[in-house]
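# Examination of the molecular architecture
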Amino acid sequence: GQQVMQIPQYQHVQEGEDFTTYCNSSTTLSNIQWYKQRPGGHPVFLIQLVKSGEVKKQKRLTFQFGEAKKNSSLHITATQTTDVGTYFCAGPGGTNAGKSTFGDGTTLTVKP
Amino acid sequence: GAVVSQHPSWVICKSGTSVKIECRSLDFQATTMFWYRQFPKQSLMLMATSNEGSKATYEQGVEKDKFLINHASLTLSTLTVTSAHPEDSSFYICSAAGQGADTQYFGPGTRLTVL
């Protein structure tokens, strides 16, 4: 099945520094979704990107979908301690509506 | 956003017993529900996809006789871990999607510990 690769696996930053996680697929994705999972919590939907080259912003978070729709990135500007958690990208996992294949996630820790 | 609940939030059971986990969509009709398993520091692994009123579709390597899934209504799906063993200890998370929807909403998860 379709796979999405995510890097880095872990990222430790000082509060105020920027953070980026990357998601790559060997095949074209019809869409890509991003989730955040706080320690001990469940994944929370952040955003879905559909269009080639799409860029969306949510406050300090910037999401990009590559022109070829094979890669995506999430960039956080000036990280805060509330940003800690694991960020997952997810691509379509099949014909079932909503079925997703998750990347391995990037775990972000922020040192105050 | 849509709300999905799970019950129980955590459960501890003895090896050999069965455990039922409920997943409910509280404010929308979930034509499709997904069950995931997540081991510590790992990603979510899809176990099965269930559509209301039909048999669940299991991912490769997931035993359908061990993980029984029932999606009896548009708001409720259940996962029963039969004859649980310590290796079944994990975080089980359900998600739900409405008809034709690309977005899935996750429940809070159930942490299962088998002694």
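An account of the accompanying structure is given in this report.

Conventions we followed
Residue numbering note: each chain is counted from 1, following its sequence as written. The order in which chains are written sets their letters, starting at A; the order in which ligands are written sets their numbers, starting at 1. Local features are withheld for residues below a pLDDT of 70 in this predicted model, meaning they are given only at 70 or higher, and side-chain atom pairs are given and counted only at 80 or more; totals for whole chains, interfaces and linings count all residues. The basis for every side-chain value is the complete set of heavy atoms in the structure, and neither hydrogens nor water enter the calculation. Helix and strand labels come from DSSP, where a helix needs a run of H or I of at least four residues and a strand needs a run of E of at least two; each type is numbered from the N terminus. Restricting the calculation to C-alpha atoms gives the radius of gyration, and the globule rule supplies 2.2 Å times the number of residues raised to the power 0.38. Between buried and exposed lies partly exposed: a residue is buried under 20% and exposed over 50% of the maximum accessible area for its type, with that area taken using a 1.4 Å probe on protein chains only. Note on definitions: a residue-residue contact is assigned when non-hydrogen atoms from the two residues lie within 4.5 Å. Only the protein chains shown count as covering a residue, and every accessible area follows the Shrake-Rupley method with a 1.4 Å probe. The convention is simple: Lys and Arg are positive, Asp and Glu are negative, and His and the chain ends are not counted. By convention, charge coordinates are those of NZ in Lys, CZ in Arg, CG in Asp, or CD in Glu. The pairing criterion is simple: DSSP has to find at least two bridges between the two strands. Simply put, an axis is a line fit to the C-alpha atoms, just over the touching stretch for a helix, and the angle between two N-to-C directions goes from 0 to 180 degrees. Grid points spaced at 1 Å over the protein atoms alone were grouped into cavities, where a 1.4 Å probe fits but cannot get out, and pockets, open sets with protein on both sides within 12 Å along at least five of seven lines, with lining residues defined by an atom within 4 Å of a point. Grid points are joined across faces, edges and corners, and a volume is the space filled by probe spheres set on the points. When residues are grouped by polarity, Ala, Val, Leu, Ile, Met, Phe, Trp, Tyr, Cys and Pro land in nonpolar, Asp, Glu, Lys and Arg in charged, and all others, Gly among them, in polar. When two parts are put together, the accessible area they lose, computed with a 1.4 Å probe and summed over both, is reported as buried area. Salt bridge, as used here: a side-chain nitrogen of Lys or Arg that lies within 4 Å of a carboxyl oxygen of Asp or Glu. In protein, a polar contact means a hydrogen-donor-capable atom and an acceptor-capable atom, both N or O and within 3.5 Å, with residues adjacent in sequence counting only if both atoms are side-chain atoms; elsewhere, any N or O pair within 3.5 Å suffices. Any pair of cysteine sulfurs within 2.5 Å is marked as a disulfide.

### Regarding the overall build of chain A
For chain A, the helix and strand inventory stands at zero helices and 11 strands. Over its C-alpha atoms chain A spans a radius of gyration of 13 Å, differing by no more than 12% from the 13 Å that the globule rule assigns to 112 residues. With the principal axes as the frame, chain A shows a C-alpha extent of 45 × 30 × 20 Å. Taking all 112 residues of chain A together, 46% fall into the buried category. Look at the contacts in chain A between residues 6 or more apart in sequence, and 52% of them connect residues 24 or more apart. Entry remark: accessible area of chain A is about 5400 Å², with carbon and sulfur atoms responsible for 51%. Of the side chains in chain A, 11 bear a positive and 7 a negative charge, and the two mean positions are spaced by 8 Å.

### Notes on the sheet that holds strand β7 (residues 61–65) of chain A
Residues and elements named next belong to chain A. Reading across from one edge, β1-β3-β8-β7-β6 is the order of the five strands in this open sheet, with antiparallel pairing throughout. Two strands lie at the open edges of the sheet, namely β1 (4–7) and β6 (55–58), each paired on one side alone. Geometrically, the sheet is characterised by an average inter-axis angle of 15 degrees between neighbouring strands, direction not taken into account. Looking at chain direction, β1 and strand β3 (residues 19–25) are connected through four bridges and run antiparallel. Along β3, the bridge assignment pairs Q6 with C23.

### With respect to the layout of surface pockets
A volume near 440 Å³ is recorded for the second largest pocket. As for the second largest pocket, its lining consists of 23 residues, of which Q37, P39 and T86 of chain A together with Q38 and K41 of chain B are closest to the centre. Those elements that provide at least two residues to the lining of the second largest pocket are β9 (85–92) and β11 (106–111) of chain A. Looking at side-chain class alone, the lining of the second largest pocket contains eight nonpolar, 11 polar and four charged residues.

### Describing the interface of chain B and chain A
In this assembly, 24 residues from chain B lie in contact with 20 residues from chain A. Summed over both partners, the interface of chain B with chain A buries about 1600 Å², with 51% contributed by carbon and sulfur atoms. Seen at the junction of chain B and chain A, the total is zero salt bridges. Across the contact surface, chain B and chain A share two residue pairs in polar contact (both at pLDDT 80 or more). Secondary structure elements with two or more residues in the side of chain B that touches chain A: β4 (32–38), β5 (45–51) and β9 (90–97) of chain B. Ranked by residue count, the leading element in the side of chain B that touches chain A is β4 of chain B, at four residues. Here the residues of the side of chain B that touches chain A are counted per class, giving 10 nonpolar, 10 polar and four charged.

### Quick word on the state of the cysteines
One pass over the structure, following the stated rule, counts two disulfides over all chains. The disulfide that involves C23 of chain A links it to C89 of chain A, with 2.0 Å between the sulfurs. Between C23 of chain A and C89 of chain A, the S-S dihedral sits near 70 degrees, and the bridge is therefore right-handed. Here C89 of chain A lies in strand β9 and C23 of chain A lies in strand β3, a separation of 66 residues in the sequence. Judged by relative accessible area, C23 of chain A falls into the buried class, the value being 1%. Residue C23 of chain B pairs covalently with C94 of chain B via a disulfide, S to S 1.9 Å. Residues C23 of chain B and C94 of chain B are joined by a disulfide whose S-S torsion is about 80 degrees; by sign, that bridge is right-handed. Within this pair, whereas C23 of chain B is found in strand β3 (residues 19–25), its partner C94 of chain B is found in strand β9, the two being separated by 71 residues in sequence.

### What about the sheet that holds strand β1 (residues 4–7) of chain B?
Residue and element names in this part refer to chain B. The sheet built from four strands is open, its strands ordered β1-β3-β8-β7 with antiparallel pairing. Each edge of the open sheet carries a strand with a single partner, namely β1 and β7 (67–73). Between one strand axis and the next, the sheet turns by 15 degrees as a mean value, whatever way the strands run. Pairing geometry for β7 and strand β8 (residues 76–81), over five bridges, is antiparallel. Its bridge partner being in β8, N70 is matched across the sheet by T78.

Remember that the coordinates give geometry; whether it matters functionally is a separate question.
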